[in-house]
Amino acid sequence: MKVKNICCIGAGYVGGPTMAIIAQKSPEITVTVVDINAKRIAAWNDPDVNNIPIYEPGLAEVVAEARGRNLFFSTDVDAAIDAADMIFISVNTPTKTYGMGKGMAADLKYIELCARQIARIATTDKIVVEKSTLPVRTAEALKNILDNTGNGVNFQILSNPEFLAEGTAVTDLHKPDRVLIGGDLDTEAGREAIQALVDVYAHWVTEDNILTTNVWSSELSKLTANAFLAQRVSSINALSELCEVTGADIKEVSKAIGMDSRIGPKFLQASVGFGGSCFQKDILNLVYIAKSFGLEEVADYWEQVIIMNDHQKRRFAAKLVKTLYNTVSGKQIAMLGWAFKKDTNDTRESASIYVADYLLNEQASVVVYDPKVTEEQILADLDYLGTRSEAENRALIRVVNSAEAACDQAHAIAIMTEWDAFKDLDWNAIYSDMLKPAFLFDGRRLLDRKVLEEIGFDFYAIGS
Ligand code: UDX
Ligand code: UDX
Ligand code: ADP
């Protein structure tokens, strides 16, 4: 079976870029991305392609090429489901904030709503692909809902986890390390569905890089990949604290261990803590699954990755306060960067949110600059924590549109996101506009200590 019409439910950081690349590479397939968020869809359809809602290097060009040709964005979910022979579910699966599994389990309500909607609308056979990160055995739940409430049509469920990283989504999608497709290998219909999706990716990915597994292996591989990656960051961050007290330097240690081919050089960058929508959520999910099977040691092992990450964010903020003579009350602290990593406007679980919250509790006057994040988003992130009233957040925090403005008359600067542009700032000029002693806290190991100290900064960097 050849897929001719794809619908993707969810026009977010995963659905948007993934579908844009599928459309770019498969001109004969019509791809419609739908979302209930009308504002988001309007932004995807903005005549000026630079206004699409997601900032990703290279994405605007891909959208410009495919949009209106075979790539469409719409709020008409029903019509897109009806027309499609393959439906990707790419809606958000946040950690539950209520009830059983609160703070740990993934909230599957958006997934379930999608399944019920598909079941209601579909009048022809469909292949349903889960694209969001989901707990193991979600596909089974999906199948149950679809089979029991549908109009008697056949559904094949595939798991096709997305491994793209934000900030490099376009290159990751163009040249994936692997594409993973989980499905029902035991039946003819299952194998056909898998092959249909393989054929979509085969437009640009070599078949050697397309793995097919059973559904549960596919689902668990996604959680495991994210858990391993996050664990590397927590491991290096744990050692960064040890470096600070022993005189070793985490950059040197990272380099030395990374040259061991069994360890490898990537993902060993000490930082103020990992963020993003996936790592914490997926580990909590893994912990919840382990606990629900009574595997306490397994759960504790992975939970430690989160505990370490929380510690890293807190100790960075505490270090700043302690260095400024144990008080930042009324002092201006410039935070450079709010996104959870460079080259994205995504702020979910960004370390900046937690560091800012800590500093605001200490009554600091926080001034933020990020090249791609809006003031509206920054305030929404703080409000979402619920630590203080919206009015208080607005009284204490200021968002400005340049690094220079943030640093002017500041007591201290905290580098929160490793934006390349921060390397090339005129640090001499920034130094002269600050109060003295001028403190600089590099949470990303972005700057050269020697250069900054020569200018006159009191310089602290994670891990040395
Ligand atoms: C280790 C380090 O590899 C080496 O660099 C260091 O100099 C000394 O310690 P060694 O203990 O000799 O070397 O063997 P290694 O191959 O690392 O295995 C250690 C243990 O881990 C073995 O019991 C091995 O069976 C086990 N192991 C290793 C696994 O269970 N799974 C693996 O994937 C790898
Ligand atoms: C991650 C996975 O990499 C990706 O495969 C999966 O599909 C989704 O989750 P993402 O969260 O977009 O992607 O970005 P990633 O590059 O993994 O970074 C996550 C966080 O870890 C960021 O806050 C980043 O700054 C931090 N990080 C990463 C470090 O602190 N040090 C590192 O060495 C690497
Ligand atoms: P991700 O990083 O997983 O892509 P996002 O939050 O960026 O997560 O995107 C998920 C999108 O899914 C949101 O834009 C949200 O509005 C959309 N969404 C959630 N539930 C539904 C639904 N039932 N129908 C259509 N869109 C949905």
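The name an unreviewed UniProt entry assigns to the protein chain is UDP-glucose 6-dehydrogenase, from the organism Leeuwenhoekiella marinoflava. Here the protein chain is described in UniProt, under the heading Pathway (unreviewed entry), as follows: "Nucleotide-sugar biosynthesis; UDP-alpha-D-glucuronate biosynthesis; UDP-alpha-D-glucuronate from UDP-alpha-D-glucose: step 1/1." In UniProt, the protein chain has this text filed under Catalytic activity (unreviewed entry): "UDP-alpha-D-glucose + 2 NAD(+) + H2O = UDP-alpha-D-glucuronate + 2 NADH + 3 H(+)".

### Some remarks on the site of ligand 2
Among the 20 residues in the neighbourhood of ligand 2, the closest are listed as F163, E166, S271, K341 and R444. With respect to ligand 2, the backbone of E166 contributes an N or O atom lying 2.7 Å from an oxygen atom. In the environment of ligand 2, an oxygen atom lies 2.9 Å from a nitrogen or oxygen atom belonging to the backbone of G275. In the complex, 91% of the free accessible area of ligand 2, which totals 660 Å², lies under the protein chains. Tallying contributions element by element places helix α9 (residues 215–246) first for the shell around ligand 2, with four residues. Considered class by class, the residues forming the shell around ligand 2 number 11 nonpolar, four polar and five charged. Both domains that meet at the shell around ligand 2, namely domain 1 (5–205) and domain 2 (307–461), each give it at least three residues.

### Some remarks on the UniProt feature "active site" (unreviewed entry) in the protein chain
Listed under "active site" (unreviewed entry) in the UniProt record, and renumbered for this structure, are C278. Among the secondary structure elements, C278 is positioned in the loop between α10 (250–258) and α11 (279–292). Apart from residues lying up to four places away in sequence, C278 is in contact with T133 and N226.

### Here's the deal with the pairing of strand β1 (residues 5–9)
Buried residues dominate β1, accounting for five of its five residues. Burial of the side chains of β1 extends over both faces: N5, C7 and I9 are buried on one face and I6 and C8 on the other. The pairing of β1 with strand β2 (residues 30–34) spans five bridges and is parallel. Bridge pairing in β2 links C8 to V33. Taken together, β1, helix α1 (residues 15–25) and β2 constitute a β-α-β crossover, and its handedness is right-handed. Taken together, the four bridges between β1 and strand β4 (residues 86–89) define a ladder with parallel strand orientation. The residue bridging C8 from the neighbouring strand is F88, located in β4.

### As for the UniProt feature "domain: UDP-glucose/GDP-mannose dehydrogenase C-terminal" (unreviewed entry) in the protein chain
Mapped onto this numbering, the UniProt entry gives "domain: UDP-glucose/GDP-mannose dehydrogenase C-terminal" (unreviewed entry) at residues 334–449. Helix and strand shares over residues 334–449 are 35% and 16% respectively, and the end C-alpha atoms of the span are 19 Å apart.

### Side note on the domain arrangement of the protein chain
Domains assigned within the protein chain are domain 1 (5–205) and domain 2 (307–461). The distance between the C-alpha centroids of domain 1 and domain 2 comes to 36 Å. Taking both partners together, domain 1 and domain 2 bury about 800 Å²; carbon and sulfur atoms supply 44% of that area. In terms of surface lost to domain 2, no three residues of domain 1 exceed Y13, Y55 and E166, which account for 70% of the buried area on that side.

### A look at the environment of G15
Checked against the element boundaries, G15 lands in helix α1. Owing to a relative accessible area of 1%, G15 belongs among the buried residues under this scheme. When the C-alpha atoms of G15 and R40 are compared, they prove to be 12 Å apart, with 25 residues separating the residues in sequence. Sequence-distant contacts of G15, defined by excluding residues within four places in its chain, comprise C8, G10 and S90.

### What about the pattern of salt bridges?
Here the structure, examined in full by the defined rule, presents 20 salt bridges. A salt bridge links E453 to R449; the shortest N-O distance between them is 3.0 Å. A residue pair is termed a helical-turn pair when its members lie 3 or 4 positions apart in one helix, as E453 and R449 do in helix α18 (residues 449–455) at four residues. Residue R449 is classed as partly exposed on the basis of its relative accessible area of 29%. A single salt-bridge network, built from bridges that share partners, covers E166, D346 and R348.

### Re helix α6 (residues 138–149)
Every α-helical turn comprises 3.6 residues, leaving residues that sit three or four positions apart pointing alike. Compared with an ideal rise of 1.5 Å per residue, which puts 12 residues at 16 Å, α6 spans 17 Å between its outermost C-alpha atoms and is within 8% of the ideal. Listed in full, the buried residues belonging to α6 are T138, A139, L142, I145 and L146. Around the axis of α6, the buried residues are gathered within 125 degrees of arc, so they sit on the same side. Lining the buried residues of α6 we find β4, α5 (109–121), β5 (126–130), β6 (155–159) and α9.

### Describing the packing of aromatic side chains
If you walk through the whole model with that rule in mind, you get 13 aromatic pairs. Three or more aromatic residues link up through ring pairs in this structure, and these residues are F316, Y325, F439, F441 and Y460. Positioned above the aromatic ring of Y354 is the side chain of K313, whose terminal nitrogen or guanidinium carbon lies 4.2 Å from the ring centre. Lying over the aromatic face of Y55, K372 brings its terminal NZ or CZ to 4.2 Å of the ring centre.

Rules and cut-offs
- Sequence positions are assigned chain by chain, starting from 1 and proceeding in written order.
- Chains carry letters and ligands carry numbers; both start at the beginning, A for chains and 1 for ligands, and go up in the order they are written.
- This being a predicted model, a pLDDT of at least 70 is required before a residue's local features are given, and a value of 80 or more before pairs of side-chain atoms are given or counted; all residues contribute to the totals for chains, interfaces and linings.
- For side-chain calculations, the full set of non-hydrogen atoms in the structure is used, while hydrogens and water are omitted.
- UniProt positions are given in the numbering used here, feature names are shortened, and annotations may be inferred rather than shown by experiment.
- Think of it this way: one heavy atom of a residue within 4 Å of a molecule or strand is enough to make that residue near it.
- N or O atoms within 3.5 Å of each other form a polar contact, as long as, within protein, one can give a hydrogen and the other can take it, and as long as residues adjacent in sequence are counted only when both atoms are side-chain atoms.
- Surface exposure here means Shrake-Rupley accessible area, sampled with a 1.4 Å probe, where a residue is shielded only by the protein chains that are shown.
- Note on conventions: DSSP H or I runs of at least 4 residues are helices, E runs of at least 2 residues are strands, and numbering of each starts at the N terminus.
- For this classification, the nonpolar set comprises Ala, Val, Leu, Ile, Met, Phe, Trp, Tyr, Cys and Pro, the charged set comprises Asp, Glu, Lys and Arg, and every other residue, Gly included, is treated as polar.
- An automatic or database domain assignment supplies the residue ranges for each domain.
- By definition, residues are in contact when any of their heavy atoms lie within 4.5 Å.
- Here's how the labels work: a residue is buried when its accessible area is under 20% of the maximum for its type, exposed when over 50%, partly exposed in between, all with a 1.4 Å probe on protein chains only.
- Strand pairing is defined by DSSP finding a minimum of two bridges between the two strands.
- Seen with its strands pointing away from the viewer, a crossover is right-handed when the path leading from the first strand over the helix to the second is clockwise.
- For any pair of parts, buried area is found by adding up, for both, the accessible area (1.4 Å probe) each one loses once the two are put together.
- One side-chain nitrogen of Lys or Arg within 4 Å of one carboxyl oxygen of Asp or Glu is enough to make a salt bridge.
- Multiply 1.5 Å by the residue count of a helix minus one, and that product is the helix's expected span.
- Summarising the geometry, the arc corresponds to the directions from the helix axis toward the C-beta atoms.
- Centres within 6.5 Å are what make two rings of Phe, Tyr or Trp a pair, Trp counting through its six-membered ring; a difference in plane orientation under 30 degrees is then read as stacked, over 60 as edge-to-face, and the rest as tilted.
- Charge-over-ring placement is defined geometrically: NZ (Lys) or CZ (Arg) within 6 Å of the ring centre, and within 35 degrees of the ring normal.

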